[in-house]
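Architecture at a glance
Residues per chain, in single letters:
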Amino acid sequence: MSELRRTVFAARHAALGAKLAEFGGWEMPMWYQGIVEEHLATRKGAGLFDVSHMGRLTVRGARALEFLQHVLTNNAAALEVGQAQYTIIANEQGGAVDDAYLYRFVEDEYLLVVNASNRAKDVAHLRGHLARFAGVEMTDRTEEVAMLSLQGPRSREMLAGLVEGQLPEPKKNALGAAKIKGKPVRLARTGYTGEPLGFELFLARADALEIFDLLVGLGARPVGLGARDTLRLEAGLPLYGHELGTDAQGQEIPIFAISLARFAVSFSALKGEFVGRAALEKQHEAAGRIMRGEFYSPALEALPRRVMAVAIAGKAIARAGARVIGADGKLVGYVTSGTVVPYWKIEAEGLACRIGEEKLMRSIGLMLADSALRTGDSLTVEIRDKKAAGRIVASHLQSKSPPYARPIVCEF
Amino acid sequence: MGSPNNLKYAATHEWCRAEGETAVVGISQHAVDLLHDLVYLDLPAPGTVVAAGKQFGEVESVKAVSELIAPVSGTVTERNEAVAAAPEKISADPYGAGWLIKVRVSNPAEVAGLLDAAAYDAQASGEH
C-alpha cells in the first residue's frame with residue numbers, strides 16, 4: 001500500500017488532537033472534539049475545514065473554454081471572471097464520473113476542484129478528451145495550493161477583520177482576490193455545508209498555516225470530515241459514491257436524479273455537443289414530465305428513481321443501503337446517505353429569529369426512490385431489524401436567509 | 001488506561017459490577033472513545049432474559065453501530081431510561097450515571113470469570 005498523503009495542515013490536526021483516518025488516499029481529520037459538537041459549532045459560529053485533499057486542476061490555453069464545455073455539464077461560457085459554478089463530469093450514459101466546482105479567478109485560467117477519491121480517475125478521463133483540444137494545458141495543482149473552507153454565520157465577520165481589500169460580492173459563487181497579512185488569498189463564496197455564509201480559501205502552501213492559525217485565533221472551530229458529511233447531508237447536498245455515481249445495485253445513477261442537476265446541466269447552444277448530452281436530454285425531458293405528474297413509461301425509463309430527502313422518526317440511523325417501503329408495502333427505494341444530526345432550537349421567527357441554547361437531535365437521510373413519490377408521502381425505513389416511520393420532505397435545512405441556516409424539522 | 005478496579009470487564013467492552021444478586025452493566029470508557037458521538041441506544045425492557053456472550057441491545061454513534069453483548073446471564077430488572085433517552089450522557093460518566101441495565105444474575109460464577117481491570121486494559125490498549 002502506498003504511503004498516505006498529508007496536507008500542509010497535518011501537524012495542526014495532530015496538535016489539535018484530531019482522530020485521523022484515511023480518506024481518498026489522504027490522512028485526514030475525522031473529528032477533533034466530536035462530530036456533533038463540530039456540526040453545531042459550524043451552524044452557530046464558524047467551522048474551519050481543511051479541504052486540501054480535494055483535487056485542484058487548472059485548465060488554460062486558447063481552447064480551454066471549448067474543452068470545458070465538452071467535458072463538463074454546465075455552461076462554462078456563462079462564467080465571468082470572478083464567478084464559480086457547480087458542474088458535473090458526465091459520462092456518455094448520463095451518469096457522473098464526478099461532481100466538481102469550476103472557478104474562474106482570472107481571465108485566462110479555470111480552476112476545477114474535484115473529489116479527492118476521484119482525482120486520479122477524473123484526470124485520466126479528462127486527459128482522454130484533451131487530445132482533441134490542441135494547446136489546452138491541464139495541470140494538477142493539488143499539492144501546491146492549499147484549500148480551507150470557512151463556513152457559518154460568523155465566517156464573514158472573521159474574514160472581514162483579516163482581509164486587506166474587499167471580500168467577494170455578497171452572493172453565492174462570487175469570487176475575489178485579497179490579502180491576509182500581506183499574503184495573497186483567493187476567496188470564493190462557496191461551500192458544502194448549506195450555510196448561507198461561507199467561504200473557500202485558496203492559499204499558497206507556504207502561507208497556509210499562518211492563515212489557519214489566525215482563523216482559529218478568531219474562534220473558527222476546526223471541523224473534521226465527519227461533520228463535513230453530516231453538514232452536507234443536512235443541507236441535502238449530494239456526495240459522489242452515495243447520490244451520484246453508481247447505486248447500491250451497481251447501476252449508474254442518472255445525473256438528473258439529483259435536484260441540483262437543474263443548475264449543473266446546461267443545454268445552451270454555446271455548449272454544442274458535450275459528453276453525455278443525448279442521455280442528459282432524455283433525463284431532462286423525463287424530469288419535466290415527472291414534475292408535471294405525467295408518470296408514464298418513457299419518463300420513468302430515463303429517470304426511474306430520484307434522490308429525495310427523508311425525515312425519519314426516532315434516533316436510529318438509516319445508513320446507506322437501508323430499504324425504504326412505500327405505503328402499499330412495496331419496496332420503493334434505498335437510503336443513499338443517513339445520519340443523526342444535532343440542531344440548535346430556533347427561537348422566535350422571521351427577522352427576530354435567533355439560534356437558541358437547546359441542542360436537539362434528529363434522524364435524516366437522502367434516498368434514491370421511485371420518481372412517482374411526492375413530498376409529504378409516508379414511508380417505512382428498515383433500520384436493521386427495526387422499522388422506522390419516514391416522510392419525504394422538500395429539504396432538511398433552510399439555507400437561504402443569512403446569517404443562520406435553520407433546521408426544517410419533521411414532526412411524527 | 002486505568003479502568004476502575006472495582007469492576008469486571010468483557011473483552012467486548014462491557015463492564016459489570018456485582019451488587020448482591022444484581023449486576024449493573026455498562027460500557028467502558030474505551031468503548032465510548034472508540035464509538036464517539038453516541039446518538040442512539042436500544043436496551044431491553046425489564047423482564048427480558050439475556051445470556052452471557054449474546055447481544056442484548058445496540059449502541060449507535062454517528063459513525064457506526066455496535067452490538068451490546070451481555071457479560072452475564074440473567075433477567076433484566078431495570079434499564080437506565082435517562083441514557084436511553086439521551087445516549088450522549090454515557091460519555092460523561094460511563095461507569096456511574098451512564099450505566100445501561102441491571103440484571104438479576106442467574107449464574108454468579110460468570111461474574112468471576114470476567115476480566116479484571118488490568119487484563120481488560122492490556123487487551124483494549126492493543127485496539128484503536
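Residues numbered from 1 in each chain as written. Chains lettered and ligands numbered in written order. Predicted model: local features only at pLDDT ≥ 70, side-chain atom pairs only at ≥ 80, totals over all residues. Heavy atoms only, no water.

When helices and strands are tallied, chain A shows 10 helices and 22 strands. Over its C-alpha trace chain A gives a radius of gyration of 21 Å, about what one expects of a compact globule, namely 22 Å for 412 residues. Considering only C-alpha atoms, chain A reaches an extent of 65 × 55 × 50 Å along its principal axes. For chain A, with 412 residues in total, the buried portion stands at 55%. (Helix = DSSP H or I, 4+ residues; strand = E, 2+ residues; numbered from the N terminus. Rg over C-alpha atoms; globule rule 2.2 N^0.38 Å. Buried < 20%, exposed > 50% of the residue type's maximum accessible area, 1.4 Å probe, protein only.)

For chain B, the count of helices and strands is five helices and nine strands. The helix and strand sequence of chain B, counted from the amino end, reads β-β-β-α-β-β-β-β-β-α-α-β-α-α. Here the C-alpha coordinates of chain B stretch approximately 35 × 30 × 25 Å along the principal axes. Across the 128 residues that make up chain B, the buried fraction comes to 48%. Pairs at least 24 residues apart make up 63% of the contacts formed inside chain B by residues separated by at least 6 positions. With the model as given, the accessible surface of chain B reaches about 5600 Å², and the carbon-plus-sulfur share is 52%. Of the charged side chains in chain B, 8 are positive and 17 negative; the average position of the first set lies 5 Å away from that of the second. (Contact = heavy atoms within 4.5 Å. Areas by Shrake-Rupley, 256 points an atom, 1.4 Å probe, with all protein chains shown as cover. Lys, Arg positive; Asp, Glu negative; His and termini not counted. Charge placed at Lys NZ, Arg CZ, Asp CG, Glu CD.)

Residues and elements named next belong to chain A. Strand order in the open sheet formed by seven strands is S10-S11-S12-S13-S9-S3-S14, and the pairing between neighbours is mixed. The open sheet terminates on both sides in strands that have one partner only, identified here as strand S10 (163-164) and strand S14 (221-223). As paired elements, strand S3 (residues 47-50) and S14 share three bridges and run parallel to each other. Bridging across to S14, Phe-49 finds its partner in Val-223. Contacts from helix H2 (residues 35-44) reach S3, strand S9 (145-151) and S14 within the one sheet, and its direction differs from that of S14 by about 125 degrees. (Pairing = 2+ DSSP bridges. Axes fitted to C-alpha atoms, helices over the stretch in contact; angles between N-to-C directions.)

Turning to the interface of chain B and chain A, a few remarks are in order. Each side of the interface is counted separately: chain B has 13 residues, and chain A has 16 residues. Together, the buried faces of chain B and chain A total about 1300 Å²; carbon and sulfur atoms form 55% of this surface. Remark: the boundary between chain B and chain A carries five salt bridges. Lys-386 of chain A is paired through a salt bridge with Asp-42 of chain B; the nearest N and O atoms lie 3.2 Å apart. On inspection of chain B and its partner chain A, the count reaches 12 residue pairs in polar contact (both at pLDDT 80 or more). (Buried area = accessible area lost by both parts, 1.4 Å probe. Salt bridge = Lys/Arg side-chain N within 4 Å of Asp/Glu carboxyl O. Polar contact = N/O pair within 3.5 Å; in protein donor to acceptor, adjacent residues only side chain to side chain.)

Bringing the domain arrangement of chain A into the picture now. Residues and elements named next belong to chain A. Taken as a whole, chain A is organised into domain 1 (10-52 + 143-233), domain 2 (53-140 + 266-303) and domain 3 (304-412). Taking only C-alpha atoms, the centre of domain 1 and the centre of domain 3 are 27 Å apart. At the interface, 14 residues of domain 1 touch 23 residues of domain 3. Between domain 1 and domain 3, roughly 1500 Å² of surface is buried when both sides are summed, and carbon and sulfur atoms account for 70% of that area. In this structure, the connection of domain 1 to domain 3 is made through one salt bridge. Close ionic contact of Glu-357 with Lys-44 constitutes a salt bridge, the shortest N to O distance being 3.4 Å. Taken together, the links from domain 1 to domain 3 amount to five residue pairs in polar contact (both at pLDDT 80 or more). Elements represented by at least two residues in the side of domain 1 that touches domain 3 include exactly H2 and helix H7 (225-234). When the residues that make up the side of domain 1 that touches domain 3 are grouped by side-chain class, the tally is six nonpolar, four polar and four charged. (Domains from an automatic or database assignment. Nonpolar A, V, L, I, M, F, W, Y, C, P; charged D, E, K, R; others polar.)

Turning next to helix H4 (residues 119-130) of chain A. Residues and elements named next belong to chain A. Across its 12 residues, H4 extends 16 Å between first and last C-alpha, which sits within 8% of the 16 Å expected from 1.5 Å per residue. Looking only at H4, the buried set comprises Arg-119, Asp-122, Val-123, His-125, Leu-126, His-129 and Leu-130. Along the axis of H4, the buried positions cluster into a sector of 165 degrees, meaning they face one direction only. Those residues of H4 that are exposed and aimed more than 90 degrees away from the buried face are Ala-120, Ala-124 and Gly-128. (Expected span 1.5 Å × (residues − 1). Arc of directions from axis to C-beta.)

Time to look at the pattern of salt bridges. For the coordinates displayed, the defined rule picks out 37 salt bridges over all chains. The residue Arg-60 of chain A makes a salt bridge to Glu-109 of chain A at a minimum N-O spacing of 2.8 Å. Taken together, the residues span a long stretch of sequence, with Arg-60 of chain A in strand S4 (residues 55-60) and Glu-109 of chain A in strand S7 (residues 109-114) at a distance of 49 residues. You can call Arg-60 of chain A partly exposed: its relative accessible area is 28%. Note on Glu-109 of chain A: relative accessible area 14%, which makes it buried. With a shortest N-O distance of 2.8 Å, Arg-384 of chain A and Glu-58 of chain B are connected by a salt bridge. Residue Arg-384 of chain A is located in the loop between strand S19 (378-383) and strand S20 (386-393), and its partner Glu-58 of chain B is located in strand S6 (residues 55-61); the two belong to separate chains.

Glancing now at the sheet that holds strand S5 (residues 49-50) of chain B. Residues and elements named next belong to chain B. The six strands are arranged S1-S2-S3-S9-S8-S5 in an open sheet whose pairing can be described as antiparallel. Either end of the sheet is taken by a strand with one partner, and the two such strands are strand S1 (8-9) and S5. With two bridges joining them, S1 and strand S2 (residues 14-19) adopt antiparallel strand pairing. Looking at the pairing, Lys-8 lines up with Cys-16 of S2.

Another point: the pairing of strand S9 (residues 101-105) of chain B. Residues and elements named next belong to chain B. Alternating residues of S9 divide into Ile-101, Val-103 and Val-105, all buried, and Lys-102 and Arg-104, none buried. By the bridge criterion, five bridges tie strand S8 (residues 74-79) to S9 in an arrangement that is antiparallel. Paired with Glu-78 across the strands is Lys-102, a residue of S9.

Residue and element names in this part refer to chain A. Grouped together as the largest cluster of nonpolar side chains are 78 residues, with contacts concentrated most on Tyr-103, Phe-202, Ile-255, Met-367, Leu-379 and Val-381. Every residue in contact with Met-367, bar those within four places of it in the chain, is listed here: Arg-306, Val-307, Met-308, Val-310, Val-324, Tyr-334, Val-335, Thr-336, Leu-379 and Ile-392. Of all hydrophobic cores here, the second largest spans 24 residues; its members include Ala-146, Leu-148, Val-163 and Leu-167. (Core = buried A, V, L, I, M, F, W, Y, C linked by side-chain atoms within 4.5 Å.)

Next up on the list: the environment of Val-136 of chain A. All names here are of chain A. Mapped onto the secondary structure, Val-136 falls in the loop between H4 and strand S8 (137-140). Assessed through its relative accessible area of 11%, Val-136 is described here as buried. C-alpha of Val-136 to C-alpha of Ala-62: the two residues are 74 residues apart in sequence and 6.8 Å apart in space. Excluding its chain neighbours within four sequence positions, the residues that come into contact with Val-136 are Val-59, Arg-60, Arg-63, Ala-64, Phe-67 and Leu-130.

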